[in-house]
Amino acid sequence: MSSDFHHVPVLLAESSEYLHLKPGAVILDGTLGGGGHAEAILDRIAPGGLLVGLDLDEQALSASATRLARFGDSVRFVQSSFRHLDDALRSLGIESVDGVLLDLGVSSFQLDTPDRGFRFASSTGHATPLDMRMDPSCGSSAAELLGRASAEELQGWFQRYGELPGSKRLARAITQHRANEPLRTTADLLRVIEDAGIGRGRRHNPATLVFQALRIAVNDELAALEQGLEAAVSVLRPGGRLVVISYHSLEDRIVKHSFRAAAKGCVCPPKQPVCTCGRAPSLEIMNRRPLRPSSTETEANPRSRSARLRAAKRIPAAA
Ligand SMILES: C[S@@+](CC[C@H](N)C(=O)[O-])C[C@H]1O[C@@H](n2cnc3c(N)ncnc32)[C@H](O)[C@@H]1O
């Protein structure tokens, strides 16, 4: 199976550069995937350094274990969400790290494996279950959520996570459909989207937004990101780097706001003359505008097109 795992790492040279890798460094890769970024990191920190790789997906961890076997003890694997990265490090007896990388979303392997249900290609839709879990062994699948969520919940997800015009209409169409038969496959959902007339006359396929919204809901992705960013700041050593690659505007907005809040520190109301919260800045933002892939990269790897990289440096706590 591992040799089937394909994923071209995005913004590889740029992320390594921002991580400021040195021999002996300790780096946490919170989204190991196929181990592409991890391999480039290990080439620069080993021997003497350590890479801790997390992923929710067991298949990703096993593919990475094969790919990174030559690094021996310089790499450790933990099946965990990055939202608990501080606990994952603690379980290995590690208090702090020199860098954290989060390369968000799904891997090409996950997208291209029909039974994971991340993709809505109509040619394979009848055989593609509505799953979408990063870790298929726990939590609820997309089919289960579609079967039990209220129309209001569904509408909220499509609106907030997909910014989908026609969210209310689609939510109603789903609850009407499931009263007769459950939605099991991506083909079932595509048919409901089409029958409800969602996105008719628009340039973009509305299914992209619907599937994005469902994936975010199934994996609680935005809350996980907020929590993961906070946990990352808490484990970085002074001068340590946090590099995040996101793939849609909702993720990028969270990264931008979280970096800005950490760079500002104080959370007192702007009109309050004296700070009473006592919060000091914890990050220095390294690029005001997100870094985008070059045209050479997007031509070679079209999936990199939407990528945006933001980087920040941990500021030592004020004395
Ligand atoms: C874009 S891929 C990473 C690819 C990797 N950088 C590489 O070079 O091969 C994203 C990975 O993050 C994992 N993932 C997504 N959300 C996660 C989370 N909250 N915690 C841990 N892993 C997560 C997915 O299972 C997937 O394998």
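Just so it is clear, the model here is predicted, and its values are computed rather than measured.

(A) Expanded view of the site of the ligand. Neighbouring the ligand are 23 residues; His37, Asp55, Phe82, Asp103 and Gln110 lie closest to it. One of the backbone N or O atoms of Gly35 is found 3.3 Å from an oxygen atom in the ligand. The separation between a nitrogen atom of the ligand and a polar side-chain atom of Ser81 is 3.2 Å. Protein burial of the ligand: of its 600 Å² of free accessible surface, 97% is covered by the chains.

(B) Region of interest: helix 7 (residues 151-162). The end-to-end C-alpha distance of helix 7, which contains 12 residues, comes to 16 Å, matching closely the 16 Å that a straight helix rising 1.5 Å per residue would cover. The set of residues buried in helix 7 consists of Leu154, Gly156, Trp157, Phe158, Tyr161 and Gly162. Where helix 7 is buried, its residues contact helix 6 (142-148), helix 8 (167-180), helix 10 (206-219), helix 11 (221-235) and helix 12 (249-264). Just beyond helix 7, the residue with positive phi is Glu163, at close to 45 degrees.

(C) The arrangement of unusual backbone geometry in detail. A cis amide bond links Ala46 to the next residue, Pro47, at an omega of -5 degrees. Topologically, Pro47 is positioned in the loop between helix 2 (36-45) and strand 2 (50-55). For Met132, which is not glycine, the phi torsion reads 75 degrees and is therefore positive. Position of Met132 among the secondary structure elements: in the loop between helix 5 (108-112) and helix 6.

(D) Spotlight on a positive patch on the surface. A contiguous patch of positive charge on the surface is contributed by Lys168, Arg169, Arg172 and Arg200. Within the secondary structure, Arg169 is located in helix 8. Residue Arg169 is classed as partly exposed on the basis of its relative accessible area, which comes to 40%.

(E) View of the packing of helix 1 (residues 12-19) against helix 2. The interhelical angle for the contact between helix 1 and helix 2, taken along N-to-C directions, is 45 degrees, at an axis separation of 10 Å. Taken together, the axes of helix 1 and helix 2 are oblique relative to one another. Handedness of the helix 1/helix 2 crossing: right-handed. The residues of helix 2 that touch helix 1, namely those facing Leu12, Ser15, Ser16, Glu17 and Leu19, are Gly36, His37, Ala40, Ile41 and Arg44. In terms of residue class, the contact of helix 1 with helix 2 is built from four nonpolar, four polar and two charged.

(F) View of the sheet that holds strand 5 (residues 236-246). As summarised here, the arrangement of the seven strands in space is 3-2-1-4-5-7-6, forming an open sheet in which the pairing is mixed. On the outer flanks of this sheet lie strand 3 (75-79) and strand 6 (283-285), each paired with one strand and no other. Across the sheet, the mean angle from the axis of one strand to that of its neighbour is 20 degrees, orientation sign disregarded. One ladder, built from three bridges, connects strand 6 with strand 7 (residues 308-314); its direction is antiparallel. The residue bridging Glu284 from the neighbouring strand is Lys313, located in strand 7. Its contacts with the sheet place helix 1 against strand 4 (97-103), strand 5 and strand 7, and it is angled at close to 160 degrees to strand 5. The strands touched by helix 2 are strand 1 (26-29), strand 2, strand 3, strand 4 and strand 5; relative to strand 2, the strand with the most contacts, the crossing angle is about 170 degrees.

(G) Structural view of the packing of aromatic side chains. In the structure shown here, the tally under the stated rule is zero aromatic pairs. Of note, Arg160 hangs over the ring of Tyr161, and the distance from its end group to the ring centre comes to 5.2 Å.

(H) Examining helix 12 more closely. End to end, helix 12 covers 22 Å across 16 residues, agreeing with the expected 22 Å (1.5 Å per residue, within 8%). Of the residues making up helix 12, those classed as buried are Leu250, Glu251, Asp252, Ile254, Val255, Phe259 and Ala262.

(I) Inspection of the nonpolar core at higher detail. The biggest cluster of nonpolar side chains holds 67 residues, and the ones touching the most others in it are Val100, Leu189 and Leu242. Looking at which domains feed residues into this core, each of domain 1 (2-109 + 222-314) and domain 2 (116-219) supplies at least three. When neighbours within four sequence positions are excluded, Leu189 is seen to be in contact with Leu130, Leu146, Ile174, Leu183, Val210, Phe211 and Leu214. Counting 24 residues, the second largest nonpolar core, distinct from the first, contains Leu42, Leu68, Val75 and Ala311.

(J) Here's a closer look at the domain arrangement of the protein. Domain annotation of the protein identifies domain 1 (2-109 + 222-314) and domain 2 (116-219). Computed from C-alpha coordinates alone, the two centres of domain 1 and domain 2 are separated by 29 Å. Contacts between the two partners involve 13 residues from domain 1 and, on the opposite side, 11 residues from domain 2. Here domain 1 meets domain 2 over a buried area of about 1000 Å², counting both sides, of which 53% is carbon and sulfur. At the boundary of domain 1 and domain 2, one finds two salt bridges. In this structure, Arg253 and Glu163 form a salt bridge, with 3.5 Å as the shortest nitrogen-oxygen distance. Between the two partners, domain 1 and domain 2, sit two residue pairs in polar contact (both at pLDDT 80 or more). The element contributing the most residues to the side of domain 1 that touches domain 2 is helix 12, with four residues. Among the residues making up the side of domain 1 that touches domain 2, the classes are represented as four nonpolar, five polar and four charged.

What counts and how
- Residues numbered from 1 in each chain as written.
- Predicted model: local features only at pLDDT ≥ 70, side-chain atom pairs only at ≥ 80, totals over all residues.
- Heavy atoms only, no water.
- Near = heavy atom within 4 Å.
- Polar contact = N/O pair within 3.5 Å; in protein donor to acceptor, adjacent residues only side chain to side chain.
- Areas by Shrake-Rupley, 256 points an atom, 1.4 Å probe, with all protein chains shown as cover.
- Helix = DSSP H or I, 4+ residues; strand = E, 2+ residues; numbered from the N terminus.
- Expected span 1.5 Å × (residues − 1).
- Buried < 20%, exposed > 50% of the residue type's maximum accessible area, 1.4 Å probe, protein only.
- Contact = heavy atoms within 4.5 Å.
- Patch = residues over 30% accessible without salt bridge, like charges linked within 9 Å, V, L, I, M, F, W, Y side chains within 5 Å.
- Salt bridge = Lys/Arg side-chain N within 4 Å of Asp/Glu carboxyl O.
- Lys, Arg positive; Asp, Glu negative; His and termini not counted.
- Charge placed at Lys NZ, Arg CZ, Asp CG, Glu CD.
- Axes fitted to C-alpha atoms, helices over the stretch in contact; angles between N-to-C directions.
- Parallel < 35°, antiparallel > 145°, perpendicular 65-115°, else oblique.
- Left-handed = near helix turned anticlockwise from the far one by under 90°.
- Nonpolar A, V, L, I, M, F, W, Y, C, P; charged D, E, K, R; others polar.
- Pairing = 2+ DSSP bridges.
- Phe/Tyr/Trp six-rings, centres within 6.5 Å; stacked < 30°, edge-to-face > 60°.
- Lys NZ or Arg CZ within 6 Å of the ring centre and 35° of its normal.
- Core = buried A, V, L, I, M, F, W, Y, C linked by side-chain atoms within 4.5 Å.
- Domains from an automatic or database assignment.
- Buried area = accessible area lost by both parts, 1.4 Å probe.

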